[in-house]
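Given next are the chains, with one letter for each unit.
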There are 2 protein chains.
Amino acid sequence: MDLHQAQTVRDYLIQLQANITRALHDVDGTDFVVDPWRKPEGEMLQGDGITQILEGGPVFERAGCGFSHVSGPKLPPSATQHRPELSGAPFEAMGVSLVFHPRNPYVPTVHMNVRMIVAKPEGKEPVAWFGGGMDLTPYYGFEEDAVHFHQVCKDAVAPYGADLHPRFKKWCDDYFFLKHRNEARGVGGIFYDDFSELGFEKGFAMMQDVGNGLLKAYMPLVMRRKDTPYGERERAFQLYRRGRYVEFNLVWDRGTHFGLQSGGRTESILLSMPALVSWSYNRVDAPDSDEAQLTAHFLKPRDWV
Amino acid sequence: MDLHQAQTVRDYLIQLQANITRALHDVDGTDFVVDPWRKPEGEMLQGDGITQILEGGPVFERAGCGFSHVSGPKLPPSATQHRPELSGAPFEAMGVSLVFHPRNPYVPTVHMNVRMIVAKPEGKEPVAWFGGGMDLTPYYGFEEDAVHFHQVCKDAVAPYGADLHPRFKKWCDDYFFLKHRNEARGVGGIFYDDFSELGFEKGFAMMQDVGNGLLKAYMPLVMRRKDTPYGERERAFQLYRRGRYVEFNLVWDRGTHFGLQSGGRTESILLSMPALVSWSYNRVDAPDSDEAQLTAHFLKPRDWV
């Protein structure tokens, strides 16, 4: 891990963000707001980023995609629980994170994140590790959509070891779970963290396969569902289910919580929030309705591929 | 503190909930859903409650008011940080908690909570303490509304000591603060916790003065503002500001967070969520607009009375 390699990762991430937002723009027609930012000198975390967001489009109601690259004098304890020897070392972290909330309730919401953290302990070699993944949150369940999404996830990590996909899939199911509802956030995908077991070159290659997989995994579902007719019933259900997304991200998601509590850039962290959300008391759907089947059946973890 | 006293507090709380919901019903015309619940035998916490909620009314879009009374074998550490000698003792907790989200953006949102916790250490006298308060969250600032609300808060606690109001007002300003926005949630009110310094009789009397103060503090504002004409601009701002309410409650509020993470009754805890909420990126209002003035000026803590 050297400076040149870190620059290569940064270049890749910026390019990934550009590719993904261009693809969404091509489908939606709406321009992304492109908001480059830099942390003021003197704050604990230094760094810069590019926040991109498309709001109020015909296909995407709110689609945020952020690149950020920060460095700090001391790795937070939460980042080094598996690496006590690096505790408190200077670090760099860079990544791309996105959440796309479509307008049509038949199009699922997607989340992806790829990131690299580099610890730079004094007088020692820098140590890099990777994390990320992607997961899908449908409002109405379509088996073929879930299968396709999981297949792309599997293909992305398959070259790096046969054991990775089952590990990362289970990790995803376990992580994106609303304990206070006893409910999965969606149908999962892959999630991994602290990944350094294959070294920098392979770890970075896998990051690229995951990052590049997002459009392959998601855009076919958008194209397939975006013009499905829907009415007030489906819209109301979508707004209600988006409440679950908010609950997960604000109550359980470690990244969101840590970011908000430690002085991260609030508007960039909350790119993940939907444009419009509703809550209502004790909603109960008829047991055989598509709405009831979503949580009763479709969101139960299973082997999709 | 004996069993008879605990029953008296319970009776008061149930009556308070009934009085408050009746008053809202009289203004709105919509019936509250009344949902009595009881925790299944065998769970860690035992107890019962009555959740009442009015949704979709002409005056209140979502108004939730819950009574709950739970007991458990071990006081959680968060409840005994000032009383290490009671750590792990069996306990009872009872209270009324409410959040009213009006439809008209010129009517503020209000929150109130009154609660009593009783620790029952083995072989010793039970120890009771009180907590609660109320606070106001306007979308558009009216000085006379804030002054009235704070005056009622002050009057409620004045009989119990001249020092209480300034203490409880500051506690409220400090607590209902969004650190990730550097913004107050609203114009405050009063907030207190761990209150046992005056003993049971006076503590309970103050609980009643605070509880009974809610309608005096809030209903005049509802009557004054509920028919104010408004348009899409005010509605959009209200939905946007409600996002702050969600952020505070799900990210910072200890009661909400602890409840959701420890197996509380989710739908009752989330009575506080608004019916409809929006997020948008980096909203900026013209500096002299009422919308910009809310955070730039009106929500700054000050002595209102």
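Residues numbered from 1 in each chain as written. Chains lettered and ligands numbered in written order. Predicted model: local features only at pLDDT ≥ 70, side-chain atom pairs only at ≥ 80, totals over all residues. Heavy atoms only, no water.

## Quick word on the pairing of strand β2 (residues 46-55) of chain A
All names here are of chain A.
- With 8 of 10 residues buried, β2 is to be regarded as a mostly interior element.
- Here strand β1 (residues 33-38) pairs with β2 via 6 bridges, running antiparallel. Within β2, the residue paired with Arg-38 across the bridge is Asp-48.
- One ladder, built from 10 bridges, connects β2 with strand β3 (residues 60-72); its direction is antiparallel. The residue bridging Asp-48 from the neighbouring strand is His-69, located in β3. (Buried < 20%, exposed > 50% of the residue type's maximum accessible area, 1.4 Å probe, protein only. Helix = DSSP H or I, 4+ residues; strand = E, 2+ residues; numbered from the N terminus. Pairing = 2+ DSSP bridges.)

## As for the relation of the copies chain A and chain B
- Least-squares fitting of chain A to chain B yields an RMSD of 0.0 Å, with the transformation described by 0.0 Å of translation along the axis and a rotation of 180°. Put plainly, the chains are arranged around a two-fold axis.
- Both copies contact each other with a shared surface, as 97% of the interface residues of chain A are interface residues in chain B too. (Least-squares fit on C-alpha atoms with pLDDT ≥ 70 in both. Contact = heavy atoms within 4.5 Å.)

## Side note on the packing of helix α5 (residues 232-252) of chain A against helix α5 (residues 232-252) of chain B
- Running from N to C, α5 of chain A and α5 of chain B cross one another at 50°; their axes reach a closest spacing of 8 Å. Between α5 of chain A and α5 of chain B, the angle is such that the two are oblique. Here α5 of chain A and α5 of chain B pass one another in a crossing that is right-handed. Residues Val-246, Glu-247, Leu-250 and Val-251 of chain A of α5 of chain A touch α5 of chain B, and the partners they reach there are Val-246, Glu-247, Leu-250 and Val-251 of chain B. (Axes fitted to C-alpha atoms, helices over the stretch in contact; angles between N-to-C directions. Parallel < 35°, antiparallel > 145°, perpendicular 65-115°, else oblique. Left-handed = near helix turned anticlockwise from the far one by under 90°.)

## Comments concerning the sheet that holds strand β5 (residues 109-119) of chain B
Residue and element names in this part refer to chain B.
- Pairing is antiparallel across the open sheet formed by 7 strands, whose spatial order is β1-β2-β3-β4-β5-β6-β9. The sheet is open, and its two borders are formed by β1 (33-38) and β9 (188-195), each paired with just one other strand. Taking the axes of each pair of neighbouring strands and ignoring which way they run, one obtains an average angle of 5° across the sheet.
- As paired strands, strand β4 (residues 91-102) and β5 are joined by 10 bridges and run antiparallel to one another. Within β5, the position partnered with Leu-98 by the bridge is Met-112.
- Relative to β9, helix α2 (residues 143-157) is tilted by about 25°, and along the sheet it contacts β5, β6 (127-137) and β9.
- Contacts from helix α4 (residues 199-225) reach β3 (60-72), β4, β5, β6 and β9, with the element oriented near 15° to β6.

## Side note on the state of the cysteines
Residue and element names in this part refer to chain A.
- If you walk through the whole model with that rule in mind, you get 0 disulfides over all chains.
- You can see Cys-153 has no disulfide; the closest cysteine sulfur is in Cys-172, sitting 7.5 Å from it.
- Looking at Cys-153, the relative accessible area reads 0%, which means it is buried. (Disulfide = S-S within 2.5 Å.)

## Some thoughts on the side chain of Arg-62 of chain A
All names here are of chain A.
- Within the secondary structure, Arg-62 sits in strand β3.
- The exposure class of Arg-62 is buried, given its relative accessible area of 1%.
- Only 2.8 Å separates the side chain of Arg-62 from the side chain of Glu-55, close enough to count as a polar contact.
- Within polar-contact distance, the side chain of Arg-62 engages the backbone oxygen of Met-273 at 2.8 Å. (Polar contact = N/O pair within 3.5 Å; in protein donor to acceptor, adjacent residues only side chain to side chain.)

## Details of the side chain of Arg-242 of chain A
Residue and element names in this part refer to chain A.
- Mapped onto the elements, Arg-242 comes out in helix α5.
- What makes Arg-242 buried here is its relative accessible area of 0%.
- Polar side-chain contacts of Arg-242 include one of 2.9 Å to the backbone oxygen of Leu-276.
- Those residues within four positions of Arg-242 in sequence are excluded, and the remaining contacts are Glu-61, His-101, Pro-102, Tyr-139, Arg-235, Pro-274, Leu-276 and Val-277.

## With respect to helix α6 (residues 254-261) of chain A
Residue and element names in this part refer to chain A.
- Three or more residues of α6 are buried, namely Thr-256, His-257, Gly-259 and Leu-260. Relative to the axis of α6, the buried residues are bounded by an arc of 165° and lie together on one face.
- Immediately downstream of α6, the backbone of Gly-263 shows phi near 85°, a positive value. (Arc of directions from axis to C-beta.)

## Thoughts on the confidence of the model for chain A
- For chain A, the mean per-residue pLDDT works out to 94, and 99% of the residues sit at or above 70.
- Per the prediction output, this complex has pTM 0.96; the corresponding ipTM is 0.95. (pLDDT = per-residue confidence, 0-100.)

## Comments concerning the nonpolar core
- Counting residues in each nonpolar core, the largest one holds 63 residues, and the members touching the most others are Phe-100 and Tyr-218 of chain A.
- At 11 residues, the largest contribution of residues to this core is made by helix α4 (residues 199-225) of chain A.
- For Tyr-218 of chain A, the contacting residues outside a window of four places in its chain are Phe-60, Phe-100, Pro-102, Val-107, Pro-108, Thr-109, Val-110 and Leu-136 of chain A.
- Counting residues in each nonpolar core, the second largest holds 62 residues, with Ala-128, Phe-149, Tyr-192 and Phe-204 of chain B among its members. (Core = buried A, V, L, I, M, F, W, Y, C linked by side-chain atoms within 4.5 Å.)

## Topic: the packing of aromatic side chains
Residue and element names in this part refer to chain A.
- Going through the model one piece at a time under the given rule, you end up with 38 aromatic pairs over all chains.
- With a centroid separation of 6.1 Å and an interplanar angle of 55°, the aromatic rings of Tyr-106 and Phe-142 are classed as tilted. Placement of Tyr-106 in the loop between β4 (91-102) and β5 (109-119) and of Phe-142 in the loop between β6 (127-137) and α2 (143-157) is noted, with a sequence separation of 36 residues between them.
- Summarising the aromatic geometry, the rings of Tyr-192 and Phe-195 are spaced 5.9 Å apart at their centres and angled 75° between planes, so their arrangement reads as edge-to-face. Taken as a pair, Tyr-192 and Phe-195 share a single burial class, namely buried.
- Among the aromatic residues, ring-to-ring pairing joins Tyr-106, Tyr-140, Phe-142, Phe-237 and Tyr-240 into one connected group.
- Here Arg-283 stacks its cationic end above the ring of Tyr-240, 5.2 Å away from the centre of that ring. (Phe/Tyr/Trp six-rings, centres within 6.5 Å; stacked < 30°, edge-to-face > 60°. Lys NZ or Arg CZ within 6 Å of the ring centre and 35° of its normal.)

## Some remarks on the sheet that holds β1 of chain A
All names here are of chain A.
- In space, the 7 strands of this open sheet follow the order β1-β2-β3-β4-β5-β6-β9, with antiparallel pairing throughout. The two strands at the open ends of the sheet, each matched to only one other strand, are β1 and β9 (188-195). Averaged over all neighbouring strand pairs, the angle between strand axes comes to 5°, with direction disregarded.
- Sheet analysis places β5 next to β6, joined by 11 bridges and oriented antiparallel. Its bridge partner lying in β6, Ile-117 is registered against Trp-129.
- Strands in contact with α2 are β5, β6 and β9; relative to β9, the strand with the most contacts, it is inclined by about 25°.

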